[in-house]
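A look at the structure
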Amino acid sequence: MFNDKAYPMVAHDEAPLNPQLSTGRALLSVRVKAIRREADNILTYELVHPNAGVLPSFTAGAHIDVRIRDDLKRQFSLCNAPGERNRYVIAVLREKAGRGGSMAMHNDVREGNLLSISEPRNQFPLAGQEAEFHLLLAGGIGVTPMMAMAEALEARRARWHMHYCTRNPEATAFRARIEPLIAAGKVTLHHDGGDPSQGLDIKALLTCYEAGSHVYFCGPPGFMSAIKTSVNAWPAHSIHCEYFTSSEENAELDNAPFQIRVKHTGDVLNVPADGTIVGVLRENGFAIDTDCEDGYCGTCITRYLEGDPEHRDSVLSEKERKSYVMVCCARAKGAPLVLDI
Ligand SMILES: Cc1cc2nc3c(=O)[nH]c(=O)nc-3n(C[C@H](O)[C@H](O)[C@H](O)COP(=O)(O)OP(=O)(O)OC[C@H]3O[C@@H](n4cnc5c(N)ncnc54)[C@H](O)[C@@H]3O)c2cc1C
């Protein structure tokens, strides 16, 4: 039985992105109960309520923000079974070339520490019960949300299969959890030794679409681009993905200056070719909450009312793009982009 020391329930996991929810989300304090080596350069962290209470519920595909230090916040997917209310489990890959978030998790966080985290948020939910088949494609650390999805799909008795691509067995996380699923024919492992041409044949796998199927993918940039270019036969509603880093395509795009208008003050502001909307807003005294500043975490989502935005995020759906922009990376053309702030 769960006791009364629960955090308030927040039931927005499956809801569309919403600026009120994505900024100023309540912070929770959790204790690091255990840290385990999961694979080469990957540690798992089991996080529990400090007074043995229950944690807010989550759905498969959700992530939490972890405040590693006051100036350092990173997102991590929940990889335990969504029904569990007594703990959150995250797995963190050490990124030697990163800005220090994963290194700080590996080097500074210890068992027994208290960590400040956000409530879970889900930008990568499973399709509903009407889906007839779920194809999960995981590359490297992108397996984390898929582990929760596999648990949820098993609980639903849904039809699903996961292809999990890693360099070698040593880099493969969750082996103990995955082995029975391999034996049951539900997970296939692919080791490419660092050469994608030796791994899963993504193009062949995605050539045909069967009505009722949904595909989910998460992994490093090369893996994501290979899937995006191979999934043309699948209708938009059946394609689901989550980026852990910004997409490779953004680096290639040219920037032109444009204007924004702040609806509530009427200010018209110039965004230069080498600037961002969020940078210009801050220079002019508007406080905007951001994390990744690269269009993949979803924190700075902002509603717009008029204008022609050029979206460069990896978070918003086509439907959401009709009303929202990610102000850390979006640009615009023509008349000023009117922001609802
Ligand atoms: C929704 C969501 C869920 C996530 N879940 C997980 C998870 O379960 N497990 C996990 O390990 N991570 C996860 N991440 C990623 C995680 O939040 C961090 O980004 C990751 O730990 C790396 O943080 P960092 O500060 O070490 O590196 P970051 O600075 O964030 O770098 C991330 C990547 O970008 C590259 N990069 C950074 N700066 C540059 C630059 N200037 N030029 C070129 N490349 C650059 C780095 O090589 C690195 O590969 C998730 C991210 C999101 C948005």
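Relevant structure appears above.
Residues numbered from 1 in each chain as written. Predicted model: local features only at pLDDT ≥ 70, side-chain atom pairs only at ≥ 80, totals over all residues. Heavy atoms only, no water.

1. What to know about the sheet that holds strand β13 (residues 268-271)
The strand order β13-β12-β16-β14-β15 describes an open sheet built from five strands, whose pairing is mixed. In this open sheet, the two edge strands, each paired with only one partner strand, are β13 and β15 (324-326). The mean angle between the axes of side-by-side strands here comes to 40°, regardless of whether they run parallel or antiparallel. Where strand β12 (residues 258-262) and strand β16 (residues 331-339) come together, three bridges link them in parallel fashion. Considered in β16, the bridge of Ile 260 is made with Leu 337. (Pairing = 2+ DSSP bridges. Helix = DSSP H or I, 4+ residues; strand = E, 2+ residues; numbered from the N terminus. Axes fitted to C-alpha atoms, helices over the stretch in contact; angles between N-to-C directions.)

2. Some points on the layout of surface pockets
The space that makes up the second largest pocket amounts to roughly 860 Å³. The wall of the second largest pocket is formed by 30 residues, among which Gly 139, Gly 140, Cys 165, Arg 167 and Pro 220 lie closest to the centre. Contributing elements (two or more residues each) for the lining of the second largest pocket: β8 (160-166) and α6 (221-228). Examining the composition of the lining of the second largest pocket, we find that four residues originate from one element, α6, more than from any other. Grouping the constituent residues of the lining of the second largest pocket by class yields 13 nonpolar, 11 polar and six charged. Counting only domains with at least three residues in the lining of the second largest pocket, you end up with domain 1 (19-118) and domain 2 (133-241). (1 Å grid on protein atoms, 1.4 Å probe; cavity = no way out; pocket = protein on both sides within 12 Å on 5 of 7 lines; lining within 4 Å. Points joined across faces, edges and corners; volume = space filled by probe spheres on them. Nonpolar A, V, L, I, M, F, W, Y, C, P; charged D, E, K, R; others polar. Domains from an automatic or database assignment.)

3. Remarks on helix α2 (residues 101-108)
Taken residue by residue, α2 has Gly 101, Ser 102, Ala 104, Met 105 and His 106 as its buried positions. Here the buried face of α2 lies against β2 (42-48), β3 (63-69), β4 (72-77) and β5 (88-93). (Buried < 20%, exposed > 50% of the residue type's maximum accessible area, 1.4 Å probe, protein only. Contact = heavy atoms within 4.5 Å.)

4. Some details on the pattern of salt bridges
Counting across every chain of the model gives 14 salt bridges. As a salt-bridge pair, Glu 46 and Lys 33 come within 3.9 Å of each other at their nearest N and O atoms. On the criterion of sequence distance, the pair formed by Glu 46 in strand β2 and Lys 33 in strand β1 (residues 27-39) is long-range, its members being 13 residues apart. Residue classification places Glu 46 among the buried positions, given a relative accessible area of 8%. Here Glu 310 makes a salt bridge to Arg 312, at a shortest N to O gap of 2.6 Å. Among the charged side chains, a network of salt bridges with common partners joins Lys 33, Arg 36, Glu 46, Glu 84 and Arg 87. (Salt bridge = Lys/Arg side-chain N within 4 Å of Asp/Glu carboxyl O.)

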